[in-house]
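Chain residues, written in single-letter form:
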Amino acid sequence: MSNVNERARESERILDYGFREFSNYTLFQAGSNVDNIEVWLGDQPTVPVILSDNLMLTLSHEERRNLKVKIIAPGPISAPIMKGSVVATLLVDIGTSRILERPLLAGTDIDRL
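Small disclaimer: the values here were computed from a predicted structure and weren't measured.

Engineer: Just checking my understanding: could you explain the side chain of serine 60 for this structure?
Structural biologist: Inspection of the secondary structure assignment puts serine 60 in strand β4 (residues 55-60). Look at serine 60 and you get buried, because its relative accessible area is 13%. Those residues in contact with serine 60 that sit more than four places away from it in its chain are Glu21 and Phe22.

Engineer: Before we go on, may I ask you to explain unusual backbone geometry in this structure?
Structural biologist: For residues that are not glycine, phi is negative in most cases, and the peptide bond is trans in most cases. That bond from alanine 79 to proline 80 is cis: its omega, 0°, falls within 30 degrees of zero. The residue proline 80 is located in the loop between β6 (77-78) and β7 (86-94) in this model. Even without being a glycine, leucine 41 presents a positive backbone phi close to 60°. With respect to the helices and strands, the residue leucine 41 is situated in the loop between β2 (33-40) and β3 (46-50).

Engineer: Even after reading the chapter, I still don't get the pattern of salt bridges, so can you show me in this structure?
Structural biologist: Think of it this way: side chains of opposite charge can pair up when their charged atoms draw near. Counted by the stated rule, this structure contains 4 salt bridges. Across the salt bridge formed by glutamate 10 and arginine 13, the nearest N and O atoms sit 2.6 Å from each other. Of this pair, glutamate 10 and arginine 13 are both found in helix α1 (residues 4-21), 3 residues apart, which corresponds to roughly one turn of the helix. The exposure class of glutamate 10 is partly exposed, given its relative accessible area of 23%. In this structure, arginine 65 engages glutamate 62 in a salt bridge whose closest nitrogen and oxygen atoms are separated by 2.8 Å. One end of the pair is arginine 65 and the other is glutamate 62, both in helix α2 (residues 61-65) and 3 residues apart, which spans about a single turn. Its relative accessible area of 61% is what places arginine 65 among the exposed residues. Exposure remark for glutamate 62: the relative accessible area of 43% places this residue in the partly exposed category.

Calculation notes
- Residues numbered from 1 in each chain as written.
- Predicted model: local features only at pLDDT ≥ 70, side-chain atom pairs only at ≥ 80, totals over all residues.
- Heavy atoms only, no water.
- Helix = DSSP H or I, 4+ residues; strand = E, 2+ residues; numbered from the N terminus.
- Buried < 20%, exposed > 50% of the residue type's maximum accessible area, 1.4 Å probe, protein only.
- Contact = heavy atoms within 4.5 Å.
- Salt bridge = Lys/Arg side-chain N within 4 Å of Asp/Glu carboxyl O.

So far we have only geometry, and geometry alone does not tell us how the molecule works.
This is the structure in structure tokens:
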């Protein structure tokens, strides 16, 4: 690129591509219920699991179509459970690649029966 106008046009073309092909996606808000996990010998049958922070990703439209979210929990969780304790893991994959792993926290206290 030999002059300022060519460089400016190329920069504009790259920015247009980025805005056209990528978007921000909010998967979960901080403190919102992601899922419920079974509790063993608790005064509640399940415990809600939450994230401590918002989970937002910038992805291409193709990546968004191939996004997979999975929760890994160790089966029913034994009571008692303290609010805020790590009880599971959230995994985010695109195709066969893991892009994110976050701890899931107990959203409430669960007492033992």
